[in-house]
Amino acid sequence: MKKILSVIFAAALVASMFVVGAVSTSAADDYTVYFEVPDDATLENIGLDVWGSKVTVHAWNDAGNLNGEWPGAEATHVEGNIYSYTWTADSVPTGIIFNNGNNGVQTQNIDGGETVSKTDASKTVKNPAIEWGKLYKATGEGIEDPNGNTNVVVAATDYKTAEPSATESKTEEPSATESKTEEPAATESKTESVAESSDDKTVATGDTSAAWVLLAVVAASLGTAVVMTKKASSKD
């Protein structure tokens, strides 16, 4: 009986280690960032030309350039004016710049450092750090870099692919003149929104379903061990 219990507990321990390792690996391997191309009005306000249709990413770390020489590699179109780029675990950057293919428009360095103005050092700004899974958007401001070029200042924000647009939200809202019998439609709309949010969380957290299955197996093994122990005690 003791040998059986030892085997069961050993299997439970190995399964637990596998669960933790699988979840940790899934989270650590997601080296993706998103970028929203600024609209023409935002760029015009800071004295820059329109962005155009090309989005490239320049990236580097202590070993050198990761996406080739400037202006880097083309980003992947996600939706609308949203683009993304993903690195692998063996080439993680410490700094990146989104640009329009060396056509005169680029963001500030995204490296957690500082951008010091060439003509006025007092206008130094803090650069955002790289945050995986975040969306980088223009703040509406520009900063002169050490080379005298105006860079687009950006900030990191959460990105949700299934988030409904403002137009869609307004369309689904019932008007004030509608009868109360139609209120369940609003409830259905909220339910759909919650479902979409749940889908986002599933994408962000990785293969958590497999982890729960393995945990269930562990729990079942421990329960079996307890039952067998009670039966052995009653026989004794």
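Residues numbered from 1 in each chain as written. Predicted model: local features only at pLDDT ≥ 70, side-chain atom pairs only at ≥ 80, totals over all residues. Heavy atoms only, no water.

Peer 1: An account of the packing of aromatic side chains is needed here, citing residue identities and associated values.
Peer 2: Evaluated as defined, the whole model comprises six aromatic pairs. For the pair tyrosine 85 and tryptophan 87, a centre-to-centre distance of 4.7 Å together with 55° between the ring planes defines the contact as tilted. For the residue pair tyrosine 85 and tryptophan 87, the accessibility class agrees, reading buried in each case. The rings of Tyr31, Tyr85, Trp87 and Trp132 are connected pair by pair, giving a single aromatic cluster. (Phe/Tyr/Trp six-rings, centres within 6.5 Å; stacked < 30°, edge-to-face > 60°. Buried < 20%, exposed > 50% of the residue type's maximum accessible area, 1.4 Å probe, protein only.)

Peer 1: Give a description of unusual backbone geometry that names residues and reports values.
Peer 2: Looking along the chain, the bond that leaves tryptophan 70 and enters proline 71 is cis, with omega of 10°. Along the chain, proline 71 turns up in the loop between strand 3 (64-65) and strand 4 (73-74). Here the phi dihedral of asparagine 102 falls at roughly 65°; this positive angle occurs in a residue that is not glycine. With respect to the element layout, asparagine 102 can be found in the loop between strand 7 (95-99) and strand 8 (114-115). For asparagine 102, a relative accessible area of 52% puts it in the exposed group. (Helix = DSSP H or I, 4+ residues; strand = E, 2+ residues; numbered from the N terminus.)

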